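Coordinate inspection notes
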Amino acid sequence: MNASAPFPPIRIGQGYDVHAFGEGDHVMLGGVRVPHRCGVLAHSDGDVILHALCDAMLGALALGDIGQHFPPSDARWKGADSSDFVRHCNGLLRERGWQVGNADVTVICERPKVGPHALAMRGKVAQLLGVEPDRVSVKATTSEKLGFTGREEGIAAQAVVLLVAA
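If you check an unreviewed UniProt entry, the chain appears there as 2-C-methyl-D-erythritol 2,4-cyclodiphosphate synthase from Stenotrophomonas daejeonensis. In its Catalytic activity (unreviewed entry) section, the UniProt entry covering the chain states "4-CDP-2-C-methyl-D-erythritol 2-phosphate = 2-C-methyl-D-erythritol 2,4-cyclic diphosphate + CMP".

Moving on, we get to the environment of Gly91. As for its placement among the helices and strands, Gly91 is situated in helix α3 (residues 82–95). With relative accessibility at 25%, the residue Gly91 sits in the partly exposed group. Separated by 66 residues in the primary sequence, Gly91 and Ala157 place their C-alpha atoms 22 Å from one another.

Moving on, we come to the sheet that holds strand β7 (residues 154–165). Pairing within the open sheet is mixed, and its five strands lie in the order β4-β1-β7-β5-β6. Strand pairing shows two members of the sheet lacking a second neighbour, β4 (39–40) and β6 (136–141), which therefore form its edges. Where strand β5 (residues 98–108) lies against β6, six bridges are found, and the strand directions are parallel. Considered in β6, the bridge of Val107 is made with Ala140. Contacting β1 (10–22), β5, β6 and β7, helix α1 (residues 48–60) runs over the sheet at an angle of about 150° to β1.

Grouped together as the largest cluster of nonpolar side chains are 47 residues, with contacts concentrated most on Leu29, Ile49, Leu53 and Leu129. At the level of elements, β2 (26–29), β3 (32–35), α1, α3, β5, α4 (118–129), β6 and β7 are the ones that each hand at least two residues to this core. No other element matches the ten residues that α1 contributes to this core. With sequence-adjacent residues up to four places away left out, Ile49 is seen in contact with Leu29, Gly30, Val105, Val107, Met121, Val125, Val138 and Ala157.

Cut-offs and rules
Residues numbered from 1 in each chain as written. Predicted model: local features only at pLDDT ≥ 70, side-chain atom pairs only at ≥ 80, totals over all residues. Heavy atoms only, no water. UniProt positions renumbered as here; feature names shortened; annotations may be inferred. Helix = DSSP H or I, 4+ residues; strand = E, 2+ residues; numbered from the N terminus. Buried < 20%, exposed > 50% of the residue type's maximum accessible area, 1.4 Å probe, protein only. Pairing = 2+ DSSP bridges. Contact = heavy atoms within 4.5 Å. Axes fitted to C-alpha atoms, helices over the stretch in contact; angles between N-to-C directions. Core = buried A, V, L, I, M, F, W, Y, C linked by side-chain atoms within 4.5 Å.

The following block contains the structure:
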């Protein structure tokens with residue numbers, strides 16, 4: 001590519017989030033309440049999918065991370081619905097002339113099983129982003145009983161987003 005040529009109107013961002021399991025009877029994943037033998041330890045609702053997605057969006061915009069926008073030290077975010085975080089991040093990218101082209105999320109855990117809820121998660125994430133569900137992928141993998149996710153001590157998620165000029 002010629003150094004003087006305009007940069008293509010795309011940006012890519014990646015995000016990662018993790019939470020330890022704690023007391024409770026469900027986890028929030030992609031804005032969907034998923035029954036589980038425990039909850040997560042978190043300042044907000046601890047939705048690893050939505051937190052990783054926010055970090056991916058913020059990263060693509062070079063606007064820091066979710067902790068800078070919603071610090072856990074701020075009481076306003078105690079128990080907050082992570083959907084609000086995604087709406088905020090989506091607003092930031094739209095203000096700057098971008099929209100999500102597609103999003104790809106991977107949940108890493110032994111349990112809860114994500115597959116039975118993946119379609120609902122895709123639909124909720126698509127709704128939050130204002131895109132069609134076929135532009136959102138939610139899938140899961142295990143860590144083959146290795147590490148903290150393998151020992152079922154917590155849950156993690158990775159997200160990648162492609163932003164395109166609006």
